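# Structure at a glance
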Amino acid sequence: MAEELLVWLNGELVPKSQAKVSVFDHGFLYGDGVFEGIRAYNGKVFMLDEHLDRLYDSAKSIWLTIPLTKEQMRDAILQTLRANKLRDAYIRVVVSRGEGDLGLDPRKCPKPNIVIITDRIELFPEELYERGIEMVTVSVRRNSPQALNPNIKSLNYLNNILAKIEAINAGKPEGLMLTLDGYVAEGTGENIFIVKRGELFTPPAYMGILKGITRQVVMKLAQEEGIPVHEAVLTLHDVYIADECFLTGTGAEIIPVVKLDGRVIGDGVPGPITKTLIQKFRQYTQQVGVPIE
Ligand code: PMP
């Protein structure tokens, strides 16, 4: 039998089956907390400092003080990967408000729970990267930044889950979410890009999206390839008439989109710029990162 995974829980490495938190944790009761999804490739943690910055920014924004310095969190992540002998992994860091009473008041939760889970990665089947996926626009709108800023990576993912449910019921693997005003926002767990006449376009962060780290990397790699990159307000029409379209995220990496709402995008196959970026991204993830050992 495979050895049981070890989970970092409030400073200790415990077997997965014993990694438990209280039902009075406000993360469980209210989705009150923040998290990150990070990946390690080839013995190195990809964009670790960027993920830590986003985690601490999310926590600050919800008035949650993480009782570890970024340096200590960084060490804890590396320690967990080493303990599980993982070189290629998906890393989930969760900081919840902690145990309190049944009211909302976060001051009644003196001790946040910190969890680091490292596991093997579950990729979309390679076939989907070669063929591309079909998407549908969902009716549920992305949270408005005036209500709950999507730049906060909070434990409260119901907005995205409701969108995912719509996509699933439409028989598609992903859903496209719009802003309240009906502009293109993002996928349920990925950012969106389109290619038009050799140039790359993606919605700006102020539209109310999660400012994805993969998005940031892809923008940089594209610029290095000499592909102009624009942050622009996009409509569904822009996506329907795009030459190429793809999604980006830590889990999905770069996944081509070949159909949206029944409209074939470009030639209906992953386009040349998408393919180049996938190749560059894969090379880059193998090369850079914080060494685990
Ligand atoms: N948007 C949403 C809503 C997400 O949850 C995620 C990833 N978790 C992304 C975009 C992509 O962000 P990143 O590239 O940092 O993983």
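Residues numbered from 1 in each chain as written. Predicted model: local features only at pLDDT ≥ 70, side-chain atom pairs only at ≥ 80, totals over all residues. Heavy atoms only, no water.

### Structural notes on the domain arrangement of the protein
- Each assigned domain of the protein is listed with its residue range as follows: domain 1 (6-119) and domain 2 (126-287).
- Between the C-alpha centres of domain 1 and domain 2 there is a distance of 26 Å.
- Taken together, the 25 residues of domain 1 in the interface contact 20 residues of domain 2.
- Taking both partners together, domain 1 and domain 2 bury about 1,800 Å²; carbon and sulfur atoms supply 64% of that area.
- Put simply, domain 1 and domain 2 have one salt bridge between them. (Domains from an automatic or database assignment. Contact = heavy atoms within 4.5 Å. Buried area = accessible area lost by both parts, 1.4 Å probe. Salt bridge = Lys/Arg side-chain N within 4 Å of Asp/Glu carboxyl O.)

### Comments concerning the side chain of Thr 285
- Its place among the elements puts Thr 285 in helix H8 (residues 272-287).
- With relative accessibility at 1%, the residue Thr 285 sits in the buried group.
- Within the local environment of Thr 285, its side chain forms a polar contact with the backbone oxygen of Arg 282, the two atoms lying 2.9 Å apart.
- Those residues in contact with Thr 285 that lie beyond four places of it in its chain are Tyr 41 and Phe 46. (Helix = DSSP H or I, 4+ residues; strand = E, 2+ residues; numbered from the N terminus. Buried < 20%, exposed > 50% of the residue type's maximum accessible area, 1.4 Å probe, protein only. Polar contact = N/O pair within 3.5 Å; in protein donor to acceptor, adjacent residues only side chain to side chain.)

### Comments concerning the sheet that holds strand S1 (residues 6-9)
- The seven strands are arranged S2-S1-S6-S5-S3-S4-S16 in an open sheet whose pairing can be described as antiparallel. Here the strands that pair on one side only, and so sit at the sheet edges, are strand S2 (12-15) and strand S16 (290-291).
- Alignment of strand S3 (residues 33-41) against strand S5 (residues 89-96), held across eight bridges, turns out to be antiparallel. Following the sheet pairing, Phe 35 is matched in S5 by Val 94. (Pairing = 2+ DSSP bridges.)

### Notes on the site of the ligand
- Within the structure, the ligand sits among 17 residues, and Lys 153, Tyr 157, Glu 186, Thr 214 and Thr 250 are positioned closest to it.
- Separating an oxygen atom of the ligand from a side-chain N or O atom of Arg 54 is a distance of 2.9 Å.
- Summarising the interface, the protein chains cover 93% of the accessible area of the ligand, which totals 390 Å² for the free molecule.
- Mapped by element, the contributors of at least two residues to the shell around the ligand are helix H6 (213-224) and strand S13 (244-249).
- For the shell around the ligand, a count of residues per class yields three nonpolar, nine polar and five charged. (Near = heavy atom within 4 Å. Areas by Shrake-Rupley, 256 points an atom, 1.4 Å probe, with all protein chains shown as cover. Nonpolar A, V, L, I, M, F, W, Y, C, P; charged D, E, K, R; others polar.)

### Focus: helix H5 (residues 158-169)
- Between its first and last C-alpha, H5 extends 16 Å over twelve residues, near the 16 Å set by a 1.5 Å rise per residue.
- Among the residues of H5, those classed as buried are Asn 159, Asn 160, Ala 163 and Ala 167. For H5, the buried positions fall inside an angular range of 90° around the axis, keeping them on one side. Turned more than 90 degrees off the buried face of H5, the exposed positions are Leu 158, Ile 168 and Asn 169.
- Next to the buried residues of H5 lie strand S7 (133-137) and strand S8 (174-178). (Expected span 1.5 Å × (residues − 1). Arc of directions from axis to C-beta.)

### Points about the packing of H6 against H8
- In the contact formed by H6 and H8, the axes pass within 10 Å of each other and the chain directions differ by 110°. On the basis of their axis angle, the class for H6 and H8 is roughly perpendicular. Crossing of H6 against H8: the hand is right-handed. In this structure, H6 contributes Thr 214, Val 217, Val 218, Lys 220, Leu 221 and Ala 222 to the contact, and H8 contributes Leu 277, Lys 280, Phe 281 and Tyr 284.
- Across the contact of H6 with H8, the residue classes break down as seven nonpolar, one polar and two charged. (Axes fitted to C-alpha atoms, helices over the stretch in contact; angles between N-to-C directions. Parallel < 35°, antiparallel > 145°, perpendicular 65-115°, else oblique. Left-handed = near helix turned anticlockwise from the far one by under 90°.)

### Observations regarding the packing of aromatic side chains
- Inspection of the entire model under this criterion finds five aromatic pairs.
- A ring pair is formed by Phe 46 and Phe 281, whose centres lie 5.8 Å apart and whose planes are at 85°; its orientation type is edge-to-face. Taken together, the residues span a long stretch of sequence, with Phe 46 in the loop between strand S4 (44-45) and helix H2 (48-61) and Phe 281 in helix H8 at a distance of 235 residues.
- Relative accessible area serves as the criterion here: at 7%, Phe 46 is assigned to the buried category.
- Its relative accessible area of 2% is what places Phe 281 among the buried residues. (Phe/Tyr/Trp six-rings, centres within 6.5 Å; stacked < 30°, edge-to-face > 60°.)

### Let's talk about unusual backbone geometry
- Residues other than glycine seldom take positive phi values, yet Lys 85 does so here, at roughly 50°.
- As for its placement among the helices and strands, Lys 85 is situated in the loop between helix H3 (70-83) and S5.

### Observations concerning the packing of H2 against H3
- Here H2 crosses H3 at 125°, and the two axes come no closer than 11 Å. Taken together, the axes of H2 and H3 lie oblique to each other. Between H2 and H3 the crossing geometry is right-handed. Here Leu 48, Asp 49, Leu 52, Asp 53, Leu 55 and Tyr 56 of H2 come into contact with H3, specifically with Lys 70, Met 73, Arg 74, Ile 77 and Leu 78.
- Looking at the contact of H2 with H3 residue by residue, the class counts come to seven nonpolar, no polar and four charged.

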